[in-house]
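What follows is each chain in one-letter form.
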Amino acid sequence: MSLNGARGRAEGGAVPLTPPEVVESALAAVAAGAGEVLVHPRTPCGRESLSPRVVGPLLEAMRGAGVSVPLSVSAGIGAEPDPAGRLERVRSWTVLPDRAVVRFAEPGAEELARALLARGVAVDAVVPLGGEADGRLAAEPGAGPGSEPGPLARFLARPVRDPARIRLAVELASADPALVAGVRWLPPVPLQLFGREAAAWPVLRLAARCGAGARTGVGDVLHLPDGRPARSNAELVAAAREIVGASATAGSR
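What comes next is a walk through the structure. (Residues numbered from 1 in each chain as written. Predicted model: local features only at pLDDT ≥ 70, side-chain atom pairs only at ≥ 80, totals over all residues. Heavy atoms only, no water.)

1. Side note on helix α1 (residues 19–32)
Over its 14 residues, α1 extends 20 Å from the first C-alpha to the last, a length consistent with the 20 Å expected when each residue adds 1.5 Å. Those residues of α1 lying buried are V22, V23, S25, A26 and A29. (Helix = DSSP H or I, 4+ residues; strand = E, 2+ residues; numbered from the N terminus. Expected span 1.5 Å × (residues − 1). Buried < 20%, exposed > 50% of the residue type's maximum accessible area, 1.4 Å probe, protein only.)

Written out as structure tokens, the structure reads:
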């Protein structure tokens, strides 16, 4: 469950930003059925940060309040634009999340993933596929000579030595089953599918049909499946669980 993403205060009261808001939203989402919580930690002024003085206290507050599911932190350029700076931040963490999100469309992703795994933090390797979600589809396998490797190619170039601690998180621009079929040949790691905004709910339904992992949350979408604005992460989680449950019921008939 993507608790807040890169969103700001202007995008509505459903977006938790301060530590108390994050804790309250996470507890409610878990009570509604969320199995994981992904958070973008913020400084008091609202800026995303990977500083141990920001990440550590937030994780401790969430765990201390009883958020018992795995906690994940986004380790992207929104929090630290410099690849070397991201490595330094991750290596200085004094309190570790269970997982961290690494976007393979960003520079330094391979080194960052290795550093996280070396510290015992599982990695969600995010690869965008389809339409505008992937600005380098032409550089994926099959592209012409001299092309710069795209996010998927960079992920595949790294040997998966510990599949239990790596998950491939595919961000789909649309709920295209052909794109999902195209990742069946990938390394034997868990697969999560997700979309953003208009693609969020169609992709979640596709994930449910495919038996892949899925996620929701105001970090990805601000509206419920029927178009109404979501009042909370818990409301989004409840809607997602209803969709997944309906898909499971239909599949068992």
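2. Describing the pairing of strand β3 (residues 99–103)
Across the 5 residues that make up β3, a large majority, 4, are buried. Both strand β2 (residues 71–74) and β3 contribute to a ladder of 3 bridges, which runs parallel. For V73, the partnering residue across the bridge sits in β3 and is A100. With helix α3 (residues 83–92) bridging β2 and its parallel neighbour β3, the resulting β-α-β unit is right-handed. Note that β3 and strand β4 (residues 122–129) share 5 bridges and pair parallel. Across the sheet, the residue bridging to R103 is V126, located in β4. Handedness of the crossover joining β3 and β4 through helix α4 (residues 109–118): right-handed. (Pairing = 2+ DSSP bridges. Right-handed = clockwise from strand over helix to strand, strands pointing away.)

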